[in-house]
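# A structural walkthrough
Listed here are the chains, written in short residue letters.
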Amino acid sequence: MTGHRRGRSHLPGDDRNSRHDLVRPQKGRPGPRPAAPADTTAQPGGAYSSADLGVRLATDSFVRPSFTLEQIRTFLAVASREHVTHAARVLRLSQPAVTQQLQLLERALGVRLLERVGRNVRLTNAGVEVAGACLLVMRALEGLESVVHAVRGLDLGTVSVGASPLAASHFLSPIISRFAVAYARIDVVVAVSEAAEVCQQVASGQVECGLIEGSSGPEGNLVHTRVATTEVVLVAHPSHVARQGGPDDPLRDSRLVIWDGGTTSESIAERLLGPAADRVPRLQIGSVEAARTLVLGAPGFVAAMPFVAVREDLESGALSRICARSVVLPIFAVRREGTDSPAVEALWQAMIR
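These numbers come from a predicted model, not from an experiment. (Residues numbered from 1 in each chain as written. Predicted model: local features only at pLDDT ≥ 70, side-chain atom pairs only at ≥ 80, totals over all residues. Heavy atoms only, no water.)

All right, on to unusual backbone geometry then. The phi torsion at Glu 82 lies on the positive side, around 55°, for a residue other than glycine. Following the sequence through the fold, Glu 82 ends up in the loop between helix H2 (69-81) and helix H3 (84-91). Positive phi, normally seen in glycine, also occurs at Arg 92, with a value near 60°. Note on placement: Arg 92 falls in the loop between H3 and helix H4 (95-109). Given a relative accessible area of 78%, Arg 92 falls into the exposed group. (Helix = DSSP H or I, 4+ residues; strand = E, 2+ residues; numbered from the N terminus. Buried < 20%, exposed > 50% of the residue type's maximum accessible area, 1.4 Å probe, protein only.)

The final tally for this structure, using the stated rule, is seven salt bridges. Asp 313 is the partner of Arg 292 in a salt bridge, and the nearest nitrogen-oxygen pair spans 2.5 Å. Taken as a pair, Arg 292 in helix H10 (residues 288-297) and Asp 313 in helix H11 (residues 307-316) lie far apart in primary sequence, 21 residues in all. Residues Glu 345 and Arg 335 are paired through a salt bridge, measuring 2.8 Å at the closest nitrogen-oxygen approach. With Glu 345 in helix H12 (residues 342-352) and Arg 335 in strand E10 (residues 320-336), this pair connects stretches of sequence that are 10 residues apart. With a relative accessible area of 7%, Arg 335 lands in the buried category. Salt bridges here are not isolated pairs; linked through shared partners, they connect Glu 266, Glu 270 and Arg 282. (Salt bridge = Lys/Arg side-chain N within 4 Å of Asp/Glu carboxyl O.)

This brings us to H4. Taking 1.5 Å of rise per residue, 15 residues should cover 21 Å, and H4 covers 21 Å from first to last C-alpha, within 8% of that figure. Those residues of H4 that fall on the buried side of the exposure criterion are Val 98, Gln 101, Leu 102, Leu 105 and Glu 106. Down the axis of H4, the sector holding all buried residues measures 130°, keeping them to one side. Along H4, the residues that are exposed and aim more than 90 degrees away from the buried face are Pro 96 and Arg 107. Structurally, H4 contributes buried residues whose contacts are with H2, H3 and strand E1 (114-117). Following H4 by one or two positions, Gly 110 adopts a phi angle in the positive range, close to 75°. (Expected span 1.5 Å × (residues − 1). Arc of directions from axis to C-beta. Contact = heavy atoms within 4.5 Å.)

As structure tokens, then:
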């Protein structure tokens with residue numbers, strides 16, 4: 001937050017070294033008795049007996065926590081947003097309920113975790129350290145869920161995918177159809193945003209995979225695989241003056257329609273139009289479909305449109321190309337590096353087939 005520091009710290013125990021299988025005797029007390037040879041023999045399928053697991057995990061030595069997971073979750077939500085009301089809205093709790101959870105956690109730990117700064121809050125020094133430990137707890141729980149999903153295979157679950165409007169309208173449907181047929185009990189959530197935002201969502205973990213056109217954006221930790229291409233052509237209403245040869249300036253009284261915030265369609269239009277692009281005023285609109293509707297409606301508008309979006313219009317004569325050149329636009333599937341749950345891996349394979 002602007003105006004004060006944000007606490008960042010090395011997370012205690014973040015070396016990822018597991019200690020669950022180490023059972024050290026305390027001074028003056030005997031260590032756990034090893035299981036008999038027969039008890040340590042792996043059962044069919046690679047599983048150990050319950051007696052062996054009891055020794056290995058030493059569950060009776062774990063301290064019963066004086067706080068709850070919900071209190072940890074609430075604390076992390078407030079700490080990340082530095083605002084109780086905003087966290088309450090995300091958690092779908094009342095502000096008093098969030099405040100009570102924080103107070104209970106502070107009372108259980110015996111330290112002050114947050115301090116007021118105007119209408120906001122920020123982590124105390126102790127809060128920074130506790131937040132790091134809480135993050136490890138939540139990551140461990142996510143790991144537990146991953147183990148359960150792997151054990152259960154692809155029976156149930158949910159996967160999320162982000163897609164740009166163009167990719168969602170013309171390339172995502174067959175991917176989702178293949179996935180839904182193969183994994184009928186897995187839910188799929190699709191979030192539609194501009195391509196750059198989709199990359200940000202994938203990089204931050206808001207969605208598992210993405211489908212975008214054009215450049216991939218600044219995120220460097222993403223895997224990009226080209227899955228399709230489409231031509232981009234310059235189109236206009238059939239009565240547009242450029243189609244008939246027109247005066248010396250075929251773009252006179254025209255307006256260039258930009259449909260994706262300028263990242264792709266404008267740069268491609270400039271390549272197709274050359275220097276003349278500098279003389280054409282712009283009209284920015286929210287999506288490929290909105291741009292298509294605008295150009296179909298009346299003369300005077302020119303747009304660099306993906307051929308896949310205007311194929312039928314060109315074939316029927318509802319739109320006309322105003323130059324012979326075209327530009328190839330790649331479609332990319334994007335994801336984070338590394339392996340993920342079986343459901344996400346299955347979705348990725350459906351995307352890159």
